[in-house]
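Chain and residue survey
Spelled out, the chains give:
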Amino acid sequence: KQMKQLIEYIVSNIVNHPESVVITETPSEDGSFTKYLIQVDPEDIGRVIGKQGKVIKSIRQIIRIAAIQKGTRAMVDLLEQDGTVKAEDNGQEEA
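Okay, so let's go over this structure. (Residues numbered from 1 in each chain as written. Predicted model: local features only at pLDDT ≥ 70, side-chain atom pairs only at ≥ 80, totals over all residues. Heavy atoms only, no water.)

Here we take up helix H1 (residues 2-12). Turning to H1, its buried residues number three or more, namely Met3, Ile7, Ile10 and Val11. The buried residues of H1 occupy an angular sector of 95° when the element is viewed end-on, so they sit on one face. Facing away from the buried side of H1 by more than 90 degrees, the exposed set consists of Gln2 and Tyr9. Among the structural elements, strand S1 (22-27), strand S2 (34-39), helix H2 (45-49), helix H3 (54-70) and strand S3 (74-79) are those in contact with the buried residues of H1. (Buried < 20%, exposed > 50% of the residue type's maximum accessible area, 1.4 Å probe, protein only. Helix = DSSP H or I, 4+ residues; strand = E, 2+ residues; numbered from the N terminus. Arc of directions from axis to C-beta. Contact = heavy atoms within 4.5 Å.)

Structure below.
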């Protein structure tokens, strides 16, 4: 719950349309990690990704650190305009 709020807080402060920010929290089948899917206004996707993916990488890093402190694992993905998911680079689910 706190992780979802943290992601929502970070993303809402980056985008131009904070009212469009939706974070979906899904635990993995085996319960080993939690997946967070970020949905934003199509106009804001570029802002969330950032130049060369720096912003989304930073968000993932913050969430990974927060998860480690809680003794859990987390994965952050971004839903693209066309409905595809911009998943973490190499499919790593560690955090």
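This next bit is on the nonpolar core. If you look at the biggest cluster of nonpolar residues, it comprises 21 residues, and the most contacted ones within it are Ile7, Val11, Ile38, Val40, Val48 and Leu78. Elements with a minimum of two residues in this core: H1, S2, H2, H3 and S3. Per-element tally for this core: the top contributor is H3, with five residues. Dropping the residues within four chain positions of it, Val48 is found in contact with Val11, Val15, Val40, Val55, Ile56, Ile59 and Leu78. (Core = buried A, V, L, I, M, F, W, Y, C linked by side-chain atoms within 4.5 Å.)

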